[in-house]
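Fold and geometry: a report
Take a look at the letters that make up each chain.
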Amino acid sequence: MTWSDMSPLLWEATGQTAQMVAWSTLFTVLFGLPLGVALVATDRGGLFPAPVVRRVLGVVVNVGRSLPFIVLMIAVIPVTRMITGTTIGTGAAAVPLTIGAVPFFARLVETALRGVGRDVVQAAQAMGASRGTIVGKVLLPEALPGLIAALTVTVVTLISYSAMAGVIGGGGLGDLAVRYGYQRFETGLMIVTVVVLVVIVQAVQSLGDAVSHRLTRR
């Protein structure tokens, strides 16, 4: 297969991967950030102490993180069909990607928030700030470099997950590698696909690191 044959396939597959990762990242942040905040806030000594709720949330997150992604994709096929009306395509792949990434991101958010010194929170409480204000204007801003690092790791993980999603019809670079590189023995296309994935991951990681370091210096 020549480069002129590969190029359109690579552009299309890269666009599909970008679409999957973008939608999954959006919904992962929307659901994972509040979940991570809840894990910290409901813990003993937290802003909204509720040990029972904390234990339940912890179990849910641990179960979600313990499932291999390929198993999760198959297990949530009924949910995917209910939400999107189909089980193939980039839109359908975003469902298991999000479900798999939310617990992972929530734990990273929890770790970042626990890195904020208690003296900062206590100072805000002494000034009469409400608990909601402390979360929105103290905890999250103070933990922002760690949250950016957490988001970067999550996006990189989603890129690798999206490659696996191609195995069950999710499209993208993973699907391209399987259909052409493996099934049709197009070794050259397989190598190029791997290189593209490595370049994308390196670009995302470098950007995330740069933003996180800049926020840390501030």
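Residues numbered from 1 in each chain as written. Predicted model: local features only at pLDDT ≥ 70, side-chain atom pairs only at ≥ 80, totals over all residues. Heavy atoms only, no water.

- The name an unreviewed UniProt entry gives the protein is Methionine ABC transporter permease, with Microtetraspora fusca as the organism.
- The annotation that UniProt attaches to the protein under Subcellular location (unreviewed entry) is "Cell membrane".
- The protein has a UniProt comment under Sequence similarities (unreviewed entry) that states "Belongs to the binding-protein-dependent transport system permease family." (UniProt positions renumbered as here; feature names shortened; annotations may be inferred.)

As for the packing of helix H7 (residues 131-142) against helix H8 (residues 144-165)
- In contact at an axis separation of 5 Å, H7 and H8 are set at 65 degrees when each is read in the N-to-C sense. On H8, the residues that touch Leu 140, Pro 141 and Glu 142 of H7 are Leu 144, Pro 145 and Leu 147.
- Within the contact of H7 with H8, the residues separate by chemical class into 5 nonpolar, no polar and 1 charged. (Axes fitted to C-alpha atoms, helices over the stretch in contact; angles between N-to-C directions. Helix = DSSP H or I, 4+ residues; strand = E, 2+ residues; numbered from the N terminus. Contact = heavy atoms within 4.5 Å. Nonpolar A, V, L, I, M, F, W, Y, C, P; charged D, E, K, R; others polar.)

Here we look at helix H5 (residues 90-114)
- The end-to-end C-alpha distance of H5 is 35 Å, a good match for the 36 Å that 25 residues give at a rise of 1.5 Å each.
- The principal kink in H5, of about 30 degrees, is found at Ala 101, preceding the proline Pro 103 by one to four residues.
- Counting buried positions along H5 gives 19 out of 25 residues, so the element sits mostly inside the fold. (Expected span 1.5 Å × (residues − 1). Bend = angle between axes of the 7 residues up to and from the residue. Buried < 20%, exposed > 50% of the residue type's maximum accessible area, 1.4 Å probe, protein only.)

As for the packing of aromatic side chains
- Counted by the stated rule, this structure contains 2 aromatic pairs.
- Here Trp 23 and Phe 27 contribute two aromatic rings whose centre-to-centre distance is 6.0 Å and whose plane-to-plane angle is 20 degrees, an arrangement assigned as stacked. Residue Trp 23 and its partner Phe 27 are located together in helix H1 (residues 3-41), separated by 4 residues, close to a single helical turn.
- Assessed through its relative accessible area of 44%, Trp 23 is described here as partly exposed.
- Judged by relative accessible area, Phe 27 falls into the partly exposed class, the value being 31%.
- Between Phe 69 and Tyr 161, the ring centres sit 4.3 Å apart and the planes meet at 0 degrees, which makes this aromatic pair stacked. Separated by 92 residues along the polypeptide, Phe 69 in helix H3 (residues 69-75) and Tyr 161 in helix H8 bring together distant segments of the chain. (Phe/Tyr/Trp six-rings, centres within 6.5 Å; stacked < 30°, edge-to-face > 60°.)

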